[in-house]
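Analysis of the macromolecular model
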Amino acid sequence: MFETDTGGAQIQLRALTKQFPGQAEPAVDSVDLDIPAGELVAFVGPSGCGKTTTMKMINRLVEPTSGEIRIGGEDVLALPPDELRRHIGYVIQQIGLFPHLTIGENVGLVPKLLGWDRPKAEARTEDLLALVNLEPGEYRDRYPRQLSGGQQQRVGVARALAADPPVMLMDEPFGATDPITREHLQNEFLKLQKDLRKTIIFVTHDFEEAIKLGDRIAVLRNQSHIAQYDTPANILANPADDYVASFIGADATLKRLALMTVDEVPTEGPPDPALPQVETGTSLREALDLMVANGTDRCSSPAGVLSYTALCASIGREEVAAGDR
Amino acid sequence: MSLSEYVASRWDTLSLAAAEHALVVAIAIGIATLAGVGIGLVTHRVPRASNASLAVSAGILTIPSLALLTLLIPITGLGWTSTLVALTAYALLPIIRNTVVGLRGVDRATVEAGRGMGMSRVRVLMKVQLPLAWPLILTGIRVSTQMLIGIAAIAAFVDGPGLGTQIFEGLSRLGSVNSLNATLAGTFGIVIVALLFDLFFSVVRHLTTPRGLRVRN
Ligand SMILES: Nc1ncnc2c1ncn2[C@@H]1O[C@H](COP(=O)(O)OP(=O)(O)OP(=O)(O)O)[C@@H](O)[C@H]1O
Ligand SMILES: [Mg+2]
């Protein structure tokens, strides 16, 4: 349906506005946003600021009052809504599984709507359940009421992915899961997204989650006004104002360290087996944690010895580079 | 003659009357279900329309059955037709009401998820809302049926089918031979028909309630 180079399609919002009848102010006021194809944008903002409404305008569950939406260059408001929605994966905030259908039927519904043949749809369902960590043999024939809230949420994600849509709208998809499952899902999802390169809007109340998953973060104020729209590293290094800073919290530097790995820091000398060891790919935050825990100011990676000073310098350099913009 | 002797001697008449009683109720319920569920499906999203249909069907229910049947004689005559029309009209309220309440009661998120996946409004209504509302709709049908079984007895006044004839014949000749037996046989017959319908609905409920709604963790 949409023009795509990667697995995803570009999304453009222009002066997008929604005024609900009988309300003094628009719920979403003139939003302009460009989301490059294949990127995941995290929406972060307080409750009631218009995140869900903005998303629902993109799949036209809410008809915009004014403005323009383009996906892959196509004018969304000119497309037939039902057809459009079959090509946009939607994970609804309240999960919304069909209680009278099995988990397998829930996941296989959009492929069925799109007229896939049975074996293909069934194979797809199995893959997706496995992907969200639900053993297909055990869960396919169960009903939603027989699953925990977190498990239902994962089915909701699988269902949205089912027809391999280029665009995904995910409204707090991992909100109901415990921290461990959540981290697992985030990691799986990141891996998946690396291959699929879908264009994703991902709403979260958890700024850490936004940093971890987002190629970019849109920090929203009331009425979906965009306070800042940038990469996680840039937002952490240079929050646009106090409002954005309040989302980041007091440990902005630690969060930045979490985004960088030991491989990005220049090392001194050859690896030293006497020092605490970190593997390649370890985040700087974990490296720092290890140093503090061992009471040393150095640790050793396969590339060489990593010092506390070098670690600080790497953050400092980032800051200067970002400040030049 | 004792009641059992009476029943044995009139078995043919009685069993035919009972069968007709059940049949007229079943036909009326069938028509009322199609009409009532249809009206519910069409009007449930428009409060004004559904309230109007509920008000009309509630209004019908306040007309005494004897009066309604009498009013129907000039239009549909004596016998089956008038009985069917009256019974169908009485059955509508519980069915429309439960259909509207059931369809409206489906979790908004479930409906929205369906729409968000690209299911048309009609498809969501028929494939999601209707199955989820079905247990409540069936309860409405069941209530209507029980009500009609009682009302159908009164159809005897317009020469309608059913066990009412036994009861009213007996009552009109009270004191004469077998009059009490006739009334009792008719009344027990109605109770048995009612029990059989209820059994039928228990089975239907079990067979037609989606499994996903019956399961518990
Ligand atoms: N259907 C509707 N009719 C009227 N007002 C609505 C409707 N949907 C949302 N609103 C209003 O629009 C505003 C934005 O709501 P929205 O659901 O988009 O917020 P949100 O950012 O998703 O919040 P949350 O984080 O709590 O999910 C709120 O003030 C809400 O009351
Ligand atoms: Mg929301």
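Here the structure is a predicted model, which means the values were calculated and not measured.

1. Here we look at the pairing of strand β9 (residues 216–220) of chain A
Residues and elements named next belong to chain A. Where burial is concerned, most of β9 is hidden: four out of the five residues are buried. Where strand β3 (residues 40–44) meets β9, four bridges bridge the pair, whose relative direction is parallel. Within β9, the residue paired with Val-41 across the bridge is Arg-216. Relative to strand β10 (residues 226–230), β9 runs antiparallel, the two being bridged by four bridges. Across the sheet, residue Ala-218 finds its bridge partner in β10, namely Tyr-229. Between β9 and β10, which pair antiparallel one after the other, the connecting turn spans five residues, and Gln-223 there sits at a positive phi close to 60 degrees.

2. Looking at the coordination of the magnesium ion (ligand 2)
Working reference: metal with six octahedral donors, ideal angles 90 or 180 degrees; metal with four tetrahedral donors, ideal angle 109.5 degrees. Surrounding the magnesium ion (ligand 2) are the protein donor atoms Thr-52 of chain A (OG1) and Gln-93 of chain A (OE1), which sit 1.9 to 2.4 Å from the metal. Of the two residues, Thr-52 of chain A is situated in helix α1 (residues 51–58) and Gln-93 of chain A in the loop between β6 (88–91) and α3 (103–107); the sequence distance between them amounts to 41 residues.

3. Structural notes on the site of ligand 1
Residue and element names in this part refer to chain A. In the vicinity of ligand 1, the contacting residues are Phe-20, Gln-23, Ala-27, Ser-47, Gly-48, Cys-49, Gly-50, Lys-51, Thr-52, Thr-53, Gln-93 and His-205. The backbone of Gly-48 places a nitrogen or oxygen atom 2.8 Å from an oxygen atom of ligand 1. Expressed as a share of its isolated accessible area of 640 Å², the protein-covered part of ligand 1 is 63%. Of the residues in the shell around ligand 1, the class split is three nonpolar, eight polar and one charged.

4. A few points about the domain arrangement of chain A
The domains assigned to chain A are domain 1 (11–249) and domain 2 (255–324). Between the C-alpha centres of domain 1 of chain A and domain 2 of chain A the distance comes to 34 Å.

5. Quick look at the pattern of salt bridges
For the structure shown, the criterion picks out 18 salt bridges over all chains. Across the salt bridge formed by Asp-82 of chain A and Arg-85 of chain A, the nearest N and O atoms sit 3.2 Å from each other. Remark: Arg-85 of chain A and Asp-82 of chain A occur in helix α2 (residues 81–85); sequence separation between them is three residues, near one turn of the helix. Glu-138 of chain A serves as the salt-bridge partner of Arg-142 of chain A, at 3.1 Å between the closest nitrogen and oxygen. The class of Glu-138 of chain A is partly exposed, set by a relative accessible area of 43%. Taken together, the shared-partner salt bridges connect Asp-82 and Arg-85 of chain A together with Arg-115 of chain B into one network.

About the thresholds
- All residue numbers here refer to positions counted from 1 along the written sequence of the relevant chain.
- Written order decides the labels, with chains lettered from A and ligands numbered from 1.
- Per-residue local features are limited, in this predicted model, to residues with pLDDT of at least 70; the limit for side-chain atom pairs, both in listing and counting, is 80 or more; totals at the level of whole chains, interfaces and linings are taken over all residues.
- With hydrogens and water excluded, all non-hydrogen atoms of the structure serve as input to the side-chain values.
- For the exposure calls, accessible area comes from a 1.4 Å probe over protein chains only, and a residue counts as buried if that area is under 20% of its type's maximum, exposed if over 50%, partly exposed in between.
- Per the convention used, a helix needs a DSSP run of H or I reaching at least four residues, while a strand needs a run of E reaching at least two, with both numbered from the N terminus.
- Only strands that DSSP links by at least two bridges are regarded as paired with each other.
- Donor atoms (N, O, S) are those found within 2.8 Å of the metal centre, with the cutoff raised to 3.2 Å for Na, K and Ca; water is not part of the atom list, so apparent gaps in a site can occur.
- Residues are labelled near a given molecule or strand when at least one of their non-hydrogen atoms is within 4 Å of it.
- Nitrogen and oxygen atoms within 3.5 Å of one another constitute a polar contact, given that in protein one can donate a hydrogen and the other can accept it, and given that sequence-neighbouring residues count only through two side-chain atoms.
- Where accessible areas are quoted, they stem from the Shrake-Rupley method and a 1.4 Å probe; at the residue level, only the protein chains shown are allowed to cover.
- As a working rule, the residues Ala, Val, Leu, Ile, Met, Phe, Trp, Tyr, Cys and Pro are called nonpolar, Asp, Glu, Lys and Arg charged, and the rest polar, with Gly in that last group.
- Start and end points for every domain follow an automatic or database-based domain assignment.
- Within this document, salt bridges are pairs made up of a side-chain nitrogen of Lys or Arg and a carboxyl oxygen of Asp or Glu, the two lying within 4 Å of each other.

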